[in-house]
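Fold and contact review
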Amino acid sequence: MARLALIGDHNPDVIAHRAIPLALEWAARAAQVSLSWDWIGTEKVTDVGVLAPYDAVWTVPASPYRSTEGALHAIQWARETNRPFLGTCGGFQHAVIEFARHVAHLNNAGHAETDSADHDLVVTALSCALREKTGQIHFVPGSKLHQIFDGRPTEEGFHCGYGVNPVFRTRLEAAGMRFTGFDPIGDIRAMELSTHPFFIGTLFQPERSALKGLVHPLITAFARAIGGVPRPA
């Protein structure tokens, strides 16, 4: 059975945290994958040994995390070991920070919610907060997300106030990050790494679809990718 690490500080009052197990159950069934998952608090990710038993990582919403460094360790491990990775909302934001620090050489990259102005704030407050909002997203042709959504735009739910600082977009893209999901006015809503088998981050929360009785194509694609990870005999 494939194993997924849900990296975040579990709180049953968080809508996304209530939705994730149901979304995974339905996605695994749709992908015909035998899948289990464990919630791992960010403060517990002190070394990669904690993650060694897992085939994939999902860095979940509800940041700031108890340990930013723990979340970043998990993301870096998934990126460097080619484990399937999904980051939603805060998980997306921290995936951008991890990449900025360790690939784009912005060693002081930070998050405006938790870091001071002397950092390279690659994640900053949105001009219009997206707390309990929905919006349309379109995807760049040729991207993995465009393929997952069959080339069609999607309507997704949000609960966030922070996103990618456009000042750093060119630097991140030059290092290999692809921004492939955008709202109707062109603001960044998703990214992926084309050199990685499955590394996707979304500012929206696809897991919320489960609360409407829907199987989400992105989470199904994630489950399918996890099922394809080679494991020792």
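The model shown is predicted, which means the values in this text are computed figures rather than measured ones.

Here's the deal with the overall build of the protein
Check the secondary structure of the protein and you find six helices and ten strands. Relative to the 2.2 N^0.38 estimate, which gives 17 Å for 233 residues, the radius of gyration of the protein is 16 Å and therefore close to what a compact globule would have. Reported as C-alpha extents along the three principal axes, the dimensions of the protein are approximately 45 × 40 × 35 Å. Scored against the burial criterion, the 233 residues of the protein give a buried share of 55%. Considering only contacts in the protein between residues 6 or more positions apart, those separated by 24 or more positions represent 69%. A total accessible area of about 10000 Å² is found for the protein, and carbon and sulfur atoms account for 51% of it. Averaging the coordinates of the 20 positive side-chain charges in the protein and doing the same for the 23 negative ones gives two points 5 Å apart.

Comments concerning the packing of aromatic side chains
Taken as a whole and assessed by the stated rule, the structure comprises five aromatic pairs. With centroids separated by 4.4 Å and ring planes inclined at 25 degrees, the aromatic side chains of F85 and F199 adopt a geometry described as stacked. Taken together, the positions of F85 in strand β4 (residues 85-88) and F199 in strand β10 (residues 199-202) put the pair 114 residues apart, joining distant regions of the chain. Each member of the pair, F85 together with F199, is buried. Both rings, one in F158 and one in F204, keep their centres 6.3 Å apart while their planes meet at 85 degrees; by these two values the pair is edge-to-face. With F158 in strand β7 (residues 154-164) and F204 in the loop between β10 and α6 (217-227), this pair connects stretches of sequence that are 46 residues apart.

Here's the deal with the side chain of H196
As for its position among the elements, H196 is in the loop between β9 (188-193) and β10. There is a polar contact of 3.1 Å between the side chain of H196 and the backbone oxygen of A78. Apart from residues no more than four positions distant in its own chain, H196 is found in contact with A78, R79, N82, R83 and P84.

Observations concerning the environment of G90
Considering the arrangement of structural elements, one finds G90 in helix α3 (residues 90-102). What makes G90 buried here is its relative accessible area of 2%. Expressed as a C-alpha distance, the spacing of G90 and C160, which sit 70 residues apart in the sequence, is 7.8 Å. Beyond its immediate chain neighbours, meaning those up to four positions away, G90 contacts P61, S63 and Y65.

What to know about the pairing of strand β2 (residues 35-40)
When strand β1 (residues 2-7) meets β2, the two strands line up parallel, connected through six bridges. Bridging from a neighbouring strand, R3 pairs with S36 of β2. Taken together, β1, helix α1 (residues 15-31) and β2 form a β-α-β motif whose crossover is right-handed.

Thoughts on the pattern of salt bridges
Applying the stated criterion across every chain, the model contains twelve salt bridges. Among the ionic pairs, E132 bridges to R208, the shortest N-O distance being 2.9 Å. Of this pair, E132 sits in strand β6 (residues 120-139) while R208 sits in the loop between β10 and α6; the two residues are 76 residues apart in sequence, bridging distant segments of the chain. One network of salt bridges, in which partners are shared, links D9, E43 and R66.

Here is what the cut-offs are and how they apply
Residues numbered from 1 in each chain as written. Predicted model: local features only at pLDDT ≥ 70, side-chain atom pairs only at ≥ 80, totals over all residues. Heavy atoms only, no water. Helix = DSSP H or I, 4+ residues; strand = E, 2+ residues; numbered from the N terminus. Rg over C-alpha atoms; globule rule 2.2 N^0.38 Å. Buried < 20%, exposed > 50% of the residue type's maximum accessible area, 1.4 Å probe, protein only. Contact = heavy atoms within 4.5 Å. Areas by Shrake-Rupley, 256 points an atom, 1.4 Å probe, with all protein chains shown as cover. Lys, Arg positive; Asp, Glu negative; His and termini not counted. Charge placed at Lys NZ, Arg CZ, Asp CG, Glu CD. Phe/Tyr/Trp six-rings, centres within 6.5 Å; stacked < 30°, edge-to-face > 60°. Polar contact = N/O pair within 3.5 Å; in protein donor to acceptor, adjacent residues only side chain to side chain. Pairing = 2+ DSSP bridges. Right-handed = clockwise from strand over helix to strand, strands pointing away. Salt bridge = Lys/Arg side-chain N within 4 Å of Asp/Glu carboxyl O.

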